[in-house]
Amino acid sequence: HVPDFVVDYWWLILLILLLIAIVVYVILMKKKNRPILGRKERVLTPYEIAVNSMSHLRQQKLWEHGMEKEYFTVLTEILRKYLEGRFGVNAMEMTSREIIQTLAQNPETKDKREYVRQILDVADFVKFAKFVASDEDNATVLPVAVRFVTETYQTEISPLPSVGRNDR
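So, how was this worked out
Residues numbered from 1 in each chain as written. Predicted model: local features only at pLDDT ≥ 70, side-chain atom pairs only at ≥ 80, totals over all residues. Heavy atoms only, no water. Core = buried A, V, L, I, M, F, W, Y, C linked by side-chain atoms within 4.5 Å. Buried < 20%, exposed > 50% of the residue type's maximum accessible area, 1.4 Å probe, protein only. Helix = DSSP H or I, 4+ residues; strand = E, 2+ residues; numbered from the N terminus. Contact = heavy atoms within 4.5 Å. pLDDT = per-residue confidence, 0-100. Phe/Tyr/Trp six-rings, centres within 6.5 Å; stacked < 30°, edge-to-face > 60°. Salt bridge = Lys/Arg side-chain N within 4 Å of Asp/Glu carboxyl O.

Caption draft 1: Highlighting the nonpolar core. Core analysis: the biggest nonpolar cluster contains 32 residues, and Met 54, Tyr 71, Phe 72, Leu 75, Leu 83, Ile 99 and Val 116 have the highest contact counts within it. Elements represented by at least two residues in this core include exactly helix H3 (46-60), helix H4 (68-87), helix H5 (96-105), helix H6 (113-128) and helix H7 (135-152). Ranked by the residues each element gives to this core, the list is headed by H4, at 8 residues. Apart from residues no more than four positions distant in its own chain, Ile 99 is found in contact with Arg 80, Leu 83, Ala 91, Met 94, Val 116 and Leu 120.

Caption draft 2: Quick peek at the confidence of the model for the protein chain. Scored by pLDDT, the protein chain comes out at a mean of 84, with 90% of its residues at no less than 70. Of all helices and strands in the protein chain, the one with the weakest mean pLDDT is helix H1 (residues 4-8) (81), whereas H3 scores best (93). Counted against residues more than four places away or in other chains, residues 156-168, with its pLDDT under 50, gives 1 contact.

Caption draft 3: Geometry of the packing of aromatic side chains. In total, this model carries 6 aromatic pairs according to the counting rule given. An angle of 55° between the planes, with centres 6.5 Å apart, marks the rings of Trp 63 and Tyr 71 as tilted. Each member of the pair, Trp 63 together with Tyr 71, is buried. Ring centres 6.3 Å apart and planes at 90° place the aromatic pair Tyr 82 and Phe 87 in the edge-to-face group. For Phe 87, a relative accessible area of 16% puts it in the buried group. Members of the aromatic cluster, connected to one another through ring pairs, are Trp 63, Tyr 71 and Phe 72.

Caption draft 4: Inspection of the pattern of salt bridges at higher detail. If you walk through the whole model with that rule in mind, you get 5 salt bridges. Among the ionic pairs, Glu 77 bridges to Lys 81, the shortest N-O distance being 3.2 Å. You can see Glu 77 and its partner Lys 81 sitting in helix H4, 4 residues apart, about one turn around the helix. Residue class for Glu 77 comes out partly exposed when judged on its relative accessible area of 35%. For Lys 81, a relative accessible area of 46% corresponds to the partly exposed category. Linking Arg 117 and Glu 114 is a salt bridge whose minimum nitrogen-to-oxygen distance equals 3.0 Å. Highlighted residues: Arg 117 and Glu 114, both in helix H6, separated by 3 residues, approximately one helical turn. Judged by relative accessible area, which is 29%, Arg 117 ranks as partly exposed. Three or more residues joined by partner-sharing salt bridges are found here, namely Asp 111, Lys 112 and Glu 151.

This is the structure:
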């Protein structure tokens, strides 16, 4: 025989048990550093950030509206942030020359440093020497930056399982 208070207050007992289960779930998720509801927001890779930013820069058409200095300032900032995020190079605090020297020392960027040199040389002239870049220079630096980012992009590759091998 079930006690009368259980029959009369079954819904309250069920509610309390449900609340206890929710509290336990929240505590466990916090301990495991997982989101309580849904998924964690995906963090963009340095590659994705750079490509998205360059696409946005292209759409702004700054150099076509006589804003060359702003165009090159934004482009070099995108490139510097990519170098920092992708290779750990503190490019935001480095001169163009220091960036090129650093890229020359990295096996992954050694053969691609000319892309960056081409961009930074024109950008430095435009930003600091009041140089007016040619339409060709303006039109080619963004595709060169995209090429550099694309060619140095690296995906996370998980090691392949050893199938049918005896590792002794």
